[in-house]
2 protein chains.
Amino acid sequence: MKDSKKYVEENKDRFLNELIDLLKIPSISADPAYKNDMLTTAEAVKEQLLAAGCDKAEICETPGHPVVYGEKIIDKDLPTVLVYGHYDVQPPDPLDLWNSPPFEPVIKETEIHPEGAIYARGACDDKGQMYMHVKALEFMTKNDELPCNVKFMIEGEEEVGSEHLGWFIENNKEKLANDVILISDTGMISKDTPSITTGLRGLSYVEVEVTGPNRDLHSGLYGGAVANPINILSKMIASLTDGNNHISIPGFYDKVEELGEEERKKMAEAPFSEEEYRKKLGIKDTYGEAGFTTTERASIRPTLDVNGIWGGYIGEGAKTVLPAKAFAKISMRLVPNQDWKEITRLFKEHFESIAPDAVSVEVKPHHGGQGYVTPIDNVGYQAASKAYEETFGKTPIPQRSGGSIPIVSLFEKELKSKIILMGFGLDTDAIHSPNEHFGVWNYLKGIETIPWFYKYFTEMSK
Amino acid sequence: MKDSKKYVEENKDRFLNELIDLLKIPSISADPAYKNDMLTTAEAVKEQLLAAGCDKAEICETPGHPVVYGEKIIDKDLPTVLVYGHYDVQPPDPLDLWNSPPFEPVIKETEIHPEGAIYARGACDDKGQMYMHVKALEFMTKNDELPCNVKFMIEGEEEVGSEHLGWFIENNKEKLANDVILISDTGMISKDTPSITTGLRGLSYVEVEVTGPNRDLHSGLYGGAVANPINILSKMIASLTDGNNHISIPGFYDKVEELGEEERKKMAEAPFSEEEYRKKLGIKDTYGEAGFTTTERASIRPTLDVNGIWGGYIGEGAKTVLPAKAFAKISMRLVPNQDWKEITRLFKEHFESIAPDAVSVEVKPHHGGQGYVTPIDNVGYQAASKAYEETFGKTPIPQRSGGSIPIVSLFEKELKSKIILMGFGLDTDAIHSPNEHFGVWNYLKGIETIPWFYKYFTEMSK
């Protein structure tokens, strides 16, 4: 194969500038105010797919934000790689913690990234990682190195639970037919230690509303006699985990896959420094389920996190109010075998059951998805492993991630192919946080590595 | 004495319009953005004091919002009544729950107020009740019925803890010298059942901040392994009260005045329907400290209420964030003998002590004040009681209120006189809430009743 490294070096500036242009569009799927920006982004992705060599690219309407589809079919008898990615991004809040505006990308050097990193919402998750695949295609088509067929499915609702992607896939099974699904929406251990994600946690995301009196009350006149929805919500949330940080929802752990000693031992061999971890996060101590290590807590164990809470007076100064309502957004990360719909139901039943008579409670299921585990003995994984060996000079480590791509298990179910998660992001990229960034080195390394996957996957599929 | 009822009837429309003009100015003391409106309001109060017959009225600077002072001294040998009130109001949030804008007063009929009620922030608390005194003075001066000296001290920081009023009083003791302090900033049992407030709860208001990691994290990648400040804050708040809703802060109850059986029995005789109470508030059940009635919980027992809570993502849709910080505003209502500074210290020490190592906690004391009890055998109380008898035809019931006027105990300490709380508001007035209002009947009844207090207080002081 021709040298992808050289092509990347020669086109580096253009590759960066094109990504920066894409990052400037605030494609926030969660907020209806950005609907037009979502369309502009989809249009830009479509144009870039055509420019990179797709024979066909189109914007496919869904009941929500559209999916961008592209393809280059060179021979129906050759294997087909389906690339999945997303062009939508997380909301950038809290804005005041960004060092530069989230939609005005800048490249800055950091300790980990002496080559610079692109700071912008979506830099890593997922515009940057998705765009690596577009540029890898460009390399292959411009240099006659595309060994198989390729299809792209770039959605606009990943950050809001891929609500309509299931519908899209069901209605386009033939169009999406493929032999392997390739995704870059995860990370790797470090620049020195490549890794391939072999497991993802599932997700159940709910919103809860606790209602007390029919109006905000004066906390002096009513305090002590009328249930305060914030106090009650705090008590209810607190009761969802016990003193060992086990989740107390009845039935929650029933289907949790318990890893054997052997597997846990193997996991513990992956390089990890608890001290380094604490230092990077600025915390005195880690915190989680008794009986498990930090790495296990963040990958093979389910969790319950409050992602947002609000109620009463949250402005400047003081207001002595006993509010009518309090709210929280709560998500649970699930492990393989836990069914997100069942867990959502168990949560709802339990949460409603623990509310005292003095309040009423509403649980609104938001979205979710199943966990996923890829076996490492399939052709896709092996091809990815060899690709990393070519460009990193090292065999990548298989690694279970704590994150979720809720739609992944549906891909396997509906499209009957394995999913390969080649992530080039780092733990420190601050995805979903202020100052999200993506290393220039990582971005270019991704573009360099991906073509090798196509080569080996095609060869090994024969 | 000439008929105050007749004068009020003749001037009713003007009395309402003048109050409405005052209510239009958004004098929100908590928010620095309204600094100019605070000054405009102070100026308007000063002008009205002069118009009502004060010989002198002035705006007295303080390190915070100014105090409006006015006086009419007719004879140094006669008693002096000092009227206290405040021209500042609570923030109007949540704005979307108001049926009409909070600073565009409207008069609407309600079931309780067939004569109409004025809807506006501050209608009852305290512009409306304060202005009754201005109009009562007008009646007395215009009709040669002022039997003694009168002074007005109308402050602009009551809703933010009267931060600088202590300083003002200390520096103006001679100017403020008086024989009784008269305040209308409380309520009465109902339009049929006049009452005089004989006790107020104290207050300690704090803001807490729980910090976990040094930035917002992805809840998938870190969830389960890193302490979530919202989960932790919920657990900490939950632990502040036990299963009987007793407050678990060590030392909290040490100085709480325990009422004897006799006193509790007497309290229980005041008309109160638990069913009516629940119905008005739209709640299935009341909720509070075990072993006490609703009336007791809301008056003679201390409380702990979260007045506001926030953290993480609180916008539309979902964001899977493990936030760096979570916050709450917490207030405790205190009963006589509990010292608010000591309670604030106990809270701070306890709250800091229960934080796990995985987070850091900051407790910022906000403001507070002591509780207060007026004996009913003093001249001031007796004069007020006779005034109500004149205009309501009934002896008012002495009643302990759950609310706080943090500065009241300081008045007694510094100015050595008793405080008489003649409140004309109702429980249903929604003070501190959306749709605050004040009955037209109550407003006019207040103006009619107050001059009788002056008459009897002067007579009984001889």
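Residues numbered from 1 in each chain as written. Chains lettered and ligands numbered in written order. Predicted model: local features only at pLDDT ≥ 70, side-chain atom pairs only at ≥ 80, totals over all residues. Heavy atoms only, no water.

- Chain A is annotated in an unreviewed UniProt entry as Dipeptidase from Salegentibacter chungangensis.

Here's the deal with the relation of the copies chain B and chain A
Then, in step 1: In screw terms, the move from chain B to chain A is a rotation of 180° and a rise of 0.0 Å along the axis, fitting with an RMSD of 0.1 Å. This pairing of chains is accounted for by a two-fold axis.
Then, in step 2: A shared binding surface is used by both copies, with 100% of the interface residues of chain B retained as interface residues in chain A. (Least-squares fit on C-alpha atoms with pLDDT ≥ 70 in both. Contact = heavy atoms within 4.5 Å.)

Examining the packing of helix 1 (residues 4-23) of chain A against helix 3 (residues 127-142) of chain A
Residue and element names in this part refer to chain A.
Then, in step 1: Packing of helix 1 against helix 3 leaves a shortest axis separation of 10 Å and a crossing angle of 135°. Comparing their axes, helix 3 and helix 1 come out oblique. The hand of the helix 1/helix 3 crossing is right-handed. Packed against helix 1, whose contacting residues are S4, Y7, R14, F15, E18, L19, L22 and L23, the element helix 3 presents K127, G128, M130, Y131, K135, E138, F139 and K142 at the interface.
Then, in step 2: For the contact of helix 1 with helix 3, the per-class residue count stands at eight nonpolar, two polar and six charged. (Axes fitted to C-alpha atoms, helices over the stretch in contact; angles between N-to-C directions. Helix = DSSP H or I, 4+ residues; strand = E, 2+ residues; numbered from the N terminus. Parallel < 35°, antiparallel > 145°, perpendicular 65-115°, else oblique. Left-handed = near helix turned anticlockwise from the far one by under 90°. Nonpolar A, V, L, I, M, F, W, Y, C, P; charged D, E, K, R; others polar.)

Some remarks on the pattern of salt bridges
Residue and element names in this part refer to chain A.
Then, in step 1: Across all of its chains, the model carries 54 salt bridges over all chains by this definition.
Then, in step 2: Residue K173 is joined to E414 by a salt bridge in which the shortest nitrogen-to-oxygen separation is 2.9 Å. Of the two residues, K173 is situated in the loop between helix 4 (165-170) and strand 7 (180-183) and E414 in helix 12 (residues 408-415); the sequence distance between them amounts to 241 residues.
Then, in step 3: Exposure remark for K173: the relative accessible area of 39% places this residue in the partly exposed category. (Salt bridge = Lys/Arg side-chain N within 4 Å of Asp/Glu carboxyl O. Buried < 20%, exposed > 50% of the residue type's maximum accessible area, 1.4 Å probe, protein only.)

Topic: the sheet that holds strand 5 (residues 117-119) of chain A
Residues and elements named next belong to chain A.
Then, in step 1: The antiparallel open sheet is built from three strands, whose spatial order is 4-5-18. The two strands at the open ends of the sheet, each matched to only one other strand, are strand 4 (106-108) and strand 18 (437-439). This sheet shows a mean twist of 30° between the axes of neighbouring strands, independent of strand direction.
Then, in step 2: Here three bridges tie strand 5 to strand 18, and the two strands are oriented antiparallel to one another. The residue bridging I118 from the neighbouring strand is F438, located in strand 18.
Then, in step 3: Relative to strand 5, helix 1 is tilted by about 20°, and along the sheet it contacts strand 4 and strand 5. (Pairing = 2+ DSSP bridges.)

With respect to the packing of aromatic side chains
Residues and elements named next belong to chain A.
Then, in step 1: Applying the stated criterion to the full structure yields 30 aromatic pairs over all chains.
Then, in step 2: Centroid distance F347 to F351: 5.2 Å. Interplanar angle 15°. Geometry classified as stacked. Pair noted here: F347 and F351 are both in helix 10 (residues 340-353), with a separation of four residues, about one helical turn. No difference in accessibility class separates F347 from F351, as the two residues are buried. (Phe/Tyr/Trp six-rings, centres within 6.5 Å; stacked < 30°, edge-to-face > 60°.)

Remarks on the interface of chain B and chain A
Put simply, an interface is often sized by how much accessible area is lost when its parts join up.
Then, in step 1: Taken together, the contact between chain B and chain A spans 92 residues of the former and 93 residues of the latter.
Then, in step 2: When chain B packs against chain A, the two sides together hide about 7600 Å² of surface, and 53% of this comes from carbon and sulfur.
Then, in step 3: Between chain B and chain A we count 44 residue pairs in polar contact (both at pLDDT 80 or more) in total.
Then, in step 4: Relative to strand 11 (residues 305-312) of chain B, strand 11 (residues 303-312) of chain A is paired through five bridges, and the arrangement is antiparallel. (Buried area = accessible area lost by both parts, 1.4 Å probe. Polar contact = N/O pair within 3.5 Å; in protein donor to acceptor, adjacent residues only side chain to side chain.)

Description of the domain arrangement of chain A
Residues and elements named next belong to chain A.
Then, in step 1: Examined at the domain level, chain A breaks down into domain 1 (4-200 + 371-461) and domain 2 (202-256 + 302-369).
Then, in step 2: Its C-alpha centre places domain 1 at a distance of 35 Å from the equivalent point of domain 2.
Then, in step 3: Taken together, the contacts link eleven residues of domain 1 with seven residues of domain 2.
Then, in step 4: Summed over both partners, the interface of domain 1 with domain 2 buries about 690 Å², with 56% contributed by carbon and sulfur atoms.
Then, in step 5: Of all residues in domain 1, G371, S404 and P406 bury the most surface against domain 2, accounting for 55% of the area lost on that side.
Then, in step 6: Applying the counting rule to domain 1 against domain 2 returns zero salt bridges. (Domains from an automatic or database assignment.)

Here's the deal with helix 13 (residues 440-461) of chain A
Then, in step 1: With 22 residues, helix 13 of chain A extends 32 Å from end C-alpha to end C-alpha; this agrees with the ideal 32 Å at 1.5 Å per step.
Then, in step 2: Taken across its 22 residues, helix 13 of chain A has 17 buried, putting it largely inside the fold. (Expected span 1.5 Å × (residues − 1).)

Section: the state of the cysteines
Residues and elements named next belong to chain B.
Then, in step 1: In this structure the tally under the stated criterion is zero disulfides over all chains.
Then, in step 2: Looking at C54, it has no disulfide partner, and the nearest cysteine sulfur is the one in C60, 12 Å off.
Then, in step 3: The cysteine C148 is free of any disulfide, with C54 supplying the nearest cysteine sulfur at 12 Å.
Then, in step 4: Residue classification places C148 among the buried residues on the basis of a relative accessible area of 0%. (Disulfide = S-S within 2.5 Å.)

Topic: the side chain of A:T241
Then, in step 1: Mapped onto the secondary structure, A:T241 falls in the loop between helix 6 (229-238) and helix 7 (261-268).
Then, in step 2: Assessed through its relative accessible area of 14%, A:T241 is described here as buried.
Then, in step 3: If we ignore the near neighbours within four places in the chain, the residues touching A:T241 are A:H246, A:I247, A:S248 and B:K235.

Brief notes about helix 6 of chain A
Residues and elements named next belong to chain A.
Then, in step 1: A large share of helix 6 lies buried, amounting to nine of its ten residues.
Then, in step 2: Burial in helix 6 covers these residues: P229, I230, N231, I232, L233, S234, M236, I237 and A238.
Then, in step 3: For helix 6, the N-terminal cap is N228; the gap from its side-chain oxygen to the backbone nitrogen of I230 is 2.8 Å.

Topic: the sheet that holds strand 5 (residues 117-119) of chain B
All names here are of chain B.
Then, in step 1: Pairing within the open sheet is antiparallel, and its three strands lie in the order 4-5-18. Looking at the sheet topology across the chains shown, the edges are occupied by strand 4 (106-108) and strand 18 (437-439). Within this sheet the neighbouring strands show an average axis-to-axis angle of 30°, counted without direction.
Then, in step 2: Across three bridges, strand 4 lies against strand 5 in antiparallel orientation. Each residue of the ladder has a partner; that of V106, found in strand 5, is Y119.
Then, in step 3: Each of strand 4 and strand 5 touches helix 1 (residues 4-23); the most contacted strand, strand 5, lies at about 20° to it.

Digging into the UniProt feature "domain: Peptidase M20 dimerisation" (unreviewed entry) in chain A
Then, in step 1: Taking the UniProt record as the reference, the feature "domain: Peptidase M20 dimerisation" (unreviewed entry) is found at residues 199-357 of chain A.
Then, in step 2: Taken end to end, residues 199-357 of chain A has its terminal C-alpha atoms 42 Å apart, with 30% of it in helix and 23% in strand. (UniProt positions renumbered as here; feature names shortened; annotations may be inferred.)

Focus on the pairing of strand 11 of chain A
All names here are of chain A.
Then, in step 1: Burial analysis of strand 11 places nine of its ten residues in the buried class, the great majority of the element.
Then, in step 2: Inspection of the sheet shows strand 11 paired to strand 13 (residues 325-334) by eight bridges, in the antiparallel sense. Note on strand 13: the bridge partner recorded for D305 is S331.

What to know about the pairing of strand 9 (residues 202-211) of chain A
Residues and elements named next belong to chain A.
Then, in step 1: Among the ten residues in strand 9, ten count as buried, and that is most of the element.
Then, in step 2: In strand 9, alternate side chains face the same way, and those of G202, S204, V206, V208 and V210 on one face and L203, Y205, E207, E209 and T211 on the other are all buried.
Then, in step 3: Summarising the sheet, strand 9 and strand 13 pair through ten bridges and their orientation is antiparallel. Each bridged residue has a counterpart across the sheet, and for V206 the counterpart in strand 13 is I330.

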